[in-house]
Each structure stands twice: as structure tokens, then as C-alpha cells.
Amino acid sequence: MTREDAYYLKHLLMSGFRGDYEEELNGYLEAEEPISDIALKLAFLGSDTEKAIYELGCYCSEEPFDEDAACHKLRLFLKKAYHSHEMTKDEVVHTMYRFALQHEDIFSTDSDVWHSMYILHDYYDLAEMGVISSDSFDQGFLDFLNDGILVCDEKMTAGVWSRRIL
């Protein structure tokens, strides 16, 4: 199990996706040869979510890793949930936001991937209020969810000022 995988699993647990975490962990236990120390440690923890989050955090802090790759795995998790109708657009947007807030350095990171997960929540609210076009939001949301195309502020807000009369 890579540290990117561990960071991904940590986010699943922290967001309440215990069943998905267990399914992913079982996949590692079946596929790894030999089984990694972290996967084995997690298997023996059983249903102790707090301890699992702690162990995953410790494992991730041992060495640098690609946080954008972990974010990519989270995006694919949400893409699958959205297109299989397990989650609505509203649930996906709010879960992305929760994932982003759980990122240790969300307000100091230079990662455009994490920024996209975070900012989509704000754009969703603006689209719901009619400040920006729902079509613009939907296109940006699907571009990011499906293909990892980063959220472009200019694209999302195109025409906002021309539509608003003060």
C-alpha cells in the first residue's frame, strides 16, 4: 500500500465511508504479496476507526508522497458514486468540500486539485442562488469529476457581471 493509498483511505474513514474503506482494505489484503505492514496493521484493528485514522496518519507522515494522486483517487471514488447514482450532485459537492477541509494544509497548499475540490462547493452555492449559471457550474463540475479538469474561476463566473444589474 502506497502512502497515497493510505491518505485516500484515511479520507474515506474521516468522512464516514467505513464500508468503502473496508472494501478497499480487503482489496489490498488480497492483492498484495507480501502484504504490507500497514495493511496488516489495519486488518488487525477491526472496527476501531479512530485507531485506523491514527495509524494511516502516522504512515503518511513517515515520508513525502503525492497528495494530488490521493486527491485523484478521491475524485474517482466520487465519480463512481455519482454515475452509479449512489450519490447526488449535492452529496458529491459536499463530500468534496469535506475531503478538502480534511486536508491538513488546505489553506496553504499550492495544489490546484485540492483547490478545485474546495471551491466547487462555493460555486455550487452561487449556482443554487442564481448568481452564476447552473449550466456553467454543471459543466465545470462534470469536467472536474469525470476528467480531472481543474476548476477555472473565469469559466465559472463568465458573464456574471454582465447579468447583474446594480
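Here we summarise the structure given alongside this text. No experiment lies behind these values; they were computed from the predicted model shown. (Residues numbered from 1 in each chain as written. Predicted model: local features only at pLDDT ≥ 70, side-chain atom pairs only at ≥ 80, totals over all residues. Heavy atoms only, no water.)

A closer look at the pattern of salt bridges
Enumeration over the complete set of coordinates arrives at 7 salt bridges. The shortest N-O distance in the salt bridge between Glu-62 and Arg-3 comes to 2.8 Å. In this pair, Glu-62 sits in the loop between α4 (49–61) and α5 (67–83) while Arg-3 sits in helix α1 (residues 3–14), placing the two residues 59 residues apart along the sequence. Take Arg-3: its relative accessible area is 13%, and that puts it in the buried class. (Salt bridge = Lys/Arg side-chain N within 4 Å of Asp/Glu carboxyl O. Helix = DSSP H or I, 4+ residues; strand = E, 2+ residues; numbered from the N terminus. Buried < 20%, exposed > 50% of the residue type's maximum accessible area, 1.4 Å probe, protein only.)

Quick look at a nonpolar patch on the surface
On the surface, Ile-35, Leu-40 and Phe-44 cluster together into a nonpolar patch covering about 310 Å² of accessible area. In this structure, Ile-35 sits in the loop between α2 (18–31) and α3 (37–45). Residue Ile-35 is classed as partly exposed on the basis of its relative accessible area of 35%. (Patch = residues over 30% accessible without salt bridge, like charges linked within 9 Å, V, L, I, M, F, W, Y side chains within 5 Å. Areas by Shrake-Rupley, 256 points an atom, 1.4 Å probe, with all protein chains shown as cover.)

Remarks on a negative patch on the surface
Taken together, Asp-90, Glu-91, Asp-122, Asp-125 and Glu-128 make up a surface patch of like negative charges. Elements represented by at least two residues in the negative patch include exactly α6 (89–102) and α7 (112–129). Ranked by the residues each element gives to the negative patch, the list is headed by α7, at 3 residues. (Lys, Arg positive; Asp, Glu negative; His and termini not counted. Charge placed at Lys NZ, Arg CZ, Asp CG, Glu CD.)

Quick notes on the packing of aromatic side chains
Taken as a whole, this structure holds 9 aromatic pairs when the rule is applied. Taking 6.3 Å as the distance between ring centres and 55° as the angle between the ring planes, the aromatic pair formed by Phe-17 and Phe-99 counts as tilted. Taken together, the positions of Phe-17 in the loop between α1 and α2 and Phe-99 in helix α6 put the pair 82 residues apart, joining distant regions of the chain. Counting every residue linked through ring pairs, the aromatic cluster contains Tyr-8, Phe-17, Phe-77 and Phe-99. The ring centre of Tyr-59 lies 4.1 Å from the NZ or CZ of Arg-3, which sits over that ring. The ring centre of Tyr-8 lies 5.0 Å from the NZ or CZ of Lys-73, which sits over that ring. (Phe/Tyr/Trp six-rings, centres within 6.5 Å; stacked < 30°, edge-to-face > 60°. Lys NZ or Arg CZ within 6 Å of the ring centre and 35° of its normal.)

Details of the packing of α6 against α7
Remark: α6 packs on α7, axes separated minimally by 8 Å, with the N-to-C direction vectors making an angle of 135°. The orientation of α6 relative to α7 falls into the category oblique. At the point where α6 passes α7, the crossing takes the left-handed sense. Two secondary-structure elements touch here, α6 through Lys-89, Asp-90, Val-93, His-94, Met-96, Tyr-97, Phe-99, Ala-100 and Leu-101 and α7 through Trp-114, Met-117, Tyr-118, Leu-120, His-121 and Tyr-124. (Axes fitted to C-alpha atoms, helices over the stretch in contact; angles between N-to-C directions. Parallel < 35°, antiparallel > 145°, perpendicular 65-115°, else oblique. Left-handed = near helix turned anticlockwise from the far one by under 90°. Contact = heavy atoms within 4.5 Å.)

Quick notes on the environment of Ala-69
Mapped onto the elements, Ala-69 comes out in helix α5. In this structure the C-alpha to C-alpha distance between Ala-69 and Arg-3, which are 66 residues apart in sequence, comes to 9.9 Å.

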